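Tertiary structure, described
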Amino acid sequence: MLNKLKQEIVEYSKTIGIDKIGFTTADPFVELKERLRVQQELNYQSGFEEQDIEKRTNPKLLMPEAKSIISIALAYPSRLKNPPKNEKHNRRGLFSSVSWGLDYHTVLRDRLQKLEQFIKEKEPRALTKSMVDTGELSDRAVAERAGLGFVGKNCSLITPEFGSYVFLGEMITNLPFPPDEPIEESCGTCNRCVEACPTGALVQGGQLNAKKCLSYLTQTKGFLPDEYREVLGNRLYGMDTCQLVCPFNRDKNFYIHEEFEPNPELAMPPLKPLLKMSNREFKEKFGKLSGSWRGKTPIQRNAIIALAHFKDETALDDLIELMKHDPRPVIRGTAAWAIGKIGGEKAKLALMQMEKEEKDEDVLHEIKKGLAMLDTDSPSHRQ
């Protein structure tokens, strides 16, 4: 009977826009448990994930009646169809491809909810518990054991059809579905993602120091450490390098779901308007993107760093205004650093004035960094 229901679920999943579906047991994830212990000991975790390793690796702690887990995947595009030009007078930032279109948490929860409803109509005794990304379980570990793909050296799940450009979610259930077989595949000797990682966050294949990952760093709210400001470039949220260099992702670009269709003006927004955006304006414009979940401060901080990266002199007045009047120390200080990075006489005068007026020690530290850059800079180094 469960074989028949399983097949019906698979067929139904295709009608509601699920690209891949797999089944696995609710047994503990023994190997993952040991890896997570090592990650905790090394302080490699981001802090965004569930901290209780037992909950992350034992589905029965989340549902005592758990017998199996259903894993789903939805493909998303890896490239913009018509990317706007990043012009000198109108510099643009970049949201990672995971934040193009409607927030994937919303989309996957919708699919899982429909799947739950279908299962309960077919089997009224069914119990279900679904989660996407922010749940206790590791989406990738579940998907790997359910046969959707394999976890590569870049720590992403890699599927045969869509590469690693998939969003994942899962559902625990009390129904003992026959499990699918895991995929016997690996990265082999390829080490491109590890070699291409700009911060060395990929310590080795399959091991990530999340605290050094630019994707994580773009989401932090405090001052970005100096060593990461140069390599951040114009990234506003997330980063795709470890996926872009992966051979399994070559020519993988799928526009399957309308919800994930990117708006190029949101995926690559002009930087200067971001500096003056109110909370309300930010929410109205970017609120439906997954990259908005931490609010506007990290995005604005990253936009300031991006303008410094481009040495955009046309942004100086806006940056000086932020340095003088923004109530948030992280924005005032980052603006001060950016002003020094861009350089020029106007920058120097503004920094010298604020060095006398600023009271916050962290901001003063950034002002001094800006002045130090001006002292060592010369016109030949500026664009």
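See the structure above.
Re the sheet that holds strand S2 (residues 68-75)
- Overall, antiparallel pairing links the 4 strands, which are arranged S1-S2-S7-S4 in an open sheet. Whereas interior strands pair on both sides, the edge strands pair on one side only; in this sheet they are strand S1 (20-25) and strand S4 (128-131). Strand-to-strand twist in this sheet, taken as the mean axis angle between neighbours without regard to direction, amounts to 20°.
- Here S2 runs beside strand S7 (residues 166-173); their pairing, made up of 8 bridges, is antiparallel. Residue isoleucine 69 lies in a different strand from S7, and its bridge partner there is isoleucine 172.
- Lying over the sheet, helix H4 (residues 104-122) contacts S1, S2, S4 and S7, oriented at roughly 35° with respect to S7.

Side note on helix H2 (residues 30-42)
- For H2, which comprises 13 residues, the first-to-last C-alpha distance of 19 Å matches the rise-based estimate of 18 Å (1.5 Å per residue) to within 8%.
- For H2, the full list of buried residues reads Leu32, Leu36 and Gln39. Relative to the axis of H2, the buried residues are bounded by an arc of 55° and lie together on one face. Away from the buried face of H2 by more than 90 degrees, exposed residues Val30, Glu31 and Glu41 are located.
- Buried residues belonging to H2 abut helix H3 (53-57), helix H5 (139-145) and strand S9 (207-208).
- Where H2 terminates, the next one or two residues include asparagine 43, which has phi positive at roughly 60°.

Quick notes on the state of the cysteines
- This model, assessed by the stated rule, comprises 0 disulfides.
- In this structure cysteine 187 is a free cysteine whose sulfur lies 6.2 Å from that of cysteine 246, the closest cysteine sulfur available.
- Classification of cysteine 187 by relative accessible area gives buried; the value is 18%.
- In this structure cysteine 190 is not part of a disulfide, and its nearest cysteine sulfur, from cysteine 187, lies 6.5 Å away.

Observations regarding the layout of surface pockets
- When its volume is computed, the second largest pocket comes out at roughly 250 Å³.
- Surrounding the second largest pocket, Pro28, Phe29, Val30, Glu31, Leu32, Arg35, Ala141, Glu144, Arg145 and Pro182 form its lining.
- The set of elements that each furnish at least two residues to the lining of the second largest pocket consists of H2 and H5.
- Here the lining of the second largest pocket takes 4 residues from H2, the largest share from any one element.

Some details on the packing of aromatic side chains
- Scanning all chains against the criterion turns up 13 aromatic pairs.
- Seen in terms of ring centroids, phenylalanine 48 and tyrosine 216 are 5.5 Å apart; in terms of plane orientation they differ by 55°. Their pairing is tilted. In this pair, phenylalanine 48 is assigned in the loop between H2 and H3 and tyrosine 216 in helix H7 (residues 214-217), connecting sequence segments 168 residues apart.
- Residue classification places phenylalanine 48 among the partly exposed residues on the basis of a relative accessible area of 36%.
- On the accessibility criterion, tyrosine 216 (18% relative accessible area) is buried.
- The positively charged end of lysine 81 is found above the aromatic ring belonging to tyrosine 255, 4.3 Å away from the centroid.
- Lying over the aromatic face of tryptophan 293, arginine 294 brings its terminal NZ or CZ to 5.3 Å of the ring centre.

Overview of helix H1 (residues 2-15)
- Relative to the 20 Å expected for 14 residues at 1.5 Å per residue, H1 spans 20 Å between its end C-alpha atoms, a close match to the ideal helical length.
- Listed as buried for H1 are Leu5, Lys6, Ile9, Val10 and Ser13. Here the buried residues of H1 occupy an arc of 145° about the axis, which is enough to place them on one side. The exposed residues of H1 that point more than 90 degrees off its buried face are Lys4, Lys14 and Thr15.

Digging into the side chain of serine 46
- Inspection of the secondary structure assignment puts serine 46 in the loop between H2 and H3.
- Here phenylalanine 48 takes part through its backbone nitrogen, which lies 3.0 Å from a polar atom of the side chain of serine 46.
- Once residues within four sequence positions are removed from consideration, serine 46 is found in contact with Ala210 and Tyr216.

Focus: the environment of proline 198
- Mapped onto the elements, proline 198 comes out in the loop between helix H6 (192-196) and strand S8 (202-204).
- Taking the relative accessible area as the measure of exposure, proline 198 reaches 35% and is therefore partly exposed.
- Residues proline 198 and cysteine 242, 44 residues apart in the sequence, show an inter-C-alpha distance of 9.3 Å.
- Excluding anything up to four places from it in sequence, proline 198 contacts Leu214, Val231 and Met239.

The rules behind these values
Residues numbered from 1 in each chain as written. Predicted model: local features only at pLDDT ≥ 70, side-chain atom pairs only at ≥ 80, totals over all residues. Heavy atoms only, no water. Pairing = 2+ DSSP bridges. Helix = DSSP H or I, 4+ residues; strand = E, 2+ residues; numbered from the N terminus. Axes fitted to C-alpha atoms, helices over the stretch in contact; angles between N-to-C directions. Contact = heavy atoms within 4.5 Å. Expected span 1.5 Å × (residues − 1). Buried < 20%, exposed > 50% of the residue type's maximum accessible area, 1.4 Å probe, protein only. Arc of directions from axis to C-beta. Disulfide = S-S within 2.5 Å. 1 Å grid on protein atoms, 1.4 Å probe; cavity = no way out; pocket = protein on both sides within 12 Å on 5 of 7 lines; lining within 4 Å. Points joined across faces, edges and corners; volume = space filled by probe spheres on them. Phe/Tyr/Trp six-rings, centres within 6.5 Å; stacked < 30°, edge-to-face > 60°. Lys NZ or Arg CZ within 6 Å of the ring centre and 35° of its normal. Polar contact = N/O pair within 3.5 Å; in protein donor to acceptor, adjacent residues only side chain to side chain.

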